[in-house]
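Analysis of the macromolecular model
Chain residues, written in single-letter form:
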Amino acid sequence: MDKAFFVNQKSASITGNLTALEVSILWNQYLGDGLAICVFKYFLNTVKDKELKAHMEFALQLSQSHINEITKFFKKANFQLPMGFTEQDVNVILTKSKEM
């Protein structure tokens, strides 16, 4: 089997070079998860419902784990990391506005 990219389901390891399609998929996922992390961090500062907060915390952890794994893939393939979203792109500190 001649495949440039192989993900082992048990350890999520990468072997070989990434194809253009694989890079684009990982790049897109990296940017999407980076944005999701910013949104979840903001919402975690506003949410009052405990059950919803638990779901958002899980989603945040999932997005963070995706970023970590994709970073490993790119580093192993000697590929530059995308310039994704950061904490500088969102203000998670709330300012209370006067209620009408």
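These numbers were taken from a predicted model, which means no experiment stands behind them. Position labels on residues start from 1 in each chain and follow its written sequence. For a predicted model such as this one, the threshold for reporting local features is a pLDDT of at least 70, and the threshold for listing and counting side-chain atom pairs is 80 or more; totals across whole chains, interfaces and linings nevertheless cover every residue. Excluding hydrogens and water, the side-chain values take into account all heavy atoms of the structure.

**A look at the nonpolar core**
Within the largest apolar cluster, 16 residues are counted, with the highest numbers of intra-cluster contacts made by Leu-18, Leu-26, Leu-60, Ile-70 and Phe-74. Elements are defined by DSSP. Helices are runs of H or I of four residues or more, strands are runs of E of two residues or more, and each kind is numbered from the N terminus. Contributions of two or more residues to this core are made by helix H1 (20-44) and helix H2 (50-76). The biggest single contributor to this core is H1, with seven residues. Residue contacts for Phe-74: discarding those within four places in its chain leaves Leu-18, Val-23, Leu-26, Trp-27, Phe-79, Gln-80, Leu-81 and Pro-82. Put simply, buried Ala, Val, Leu, Ile, Met, Phe, Trp, Tyr and Cys residues joined by side-chain atoms within 4.5 Å make one nonpolar core. Type-normalised accessible area, obtained with a 1.4 Å probe on protein chains alone, sets the label of each residue: buried when under 20%, exposed when over 50%, and partly exposed for intermediate values. Every residue pair with non-hydrogen atoms within 4.5 Å of one another is taken to be in contact.

**Brief notes about the side chain of Ser-63**
Considering the arrangement of structural elements, one finds Ser-63 in helix H2. Beyond its immediate chain neighbours, meaning those up to four positions away, Ser-63 contacts Asp-33, Ala-36, Ile-37 and Phe-40.

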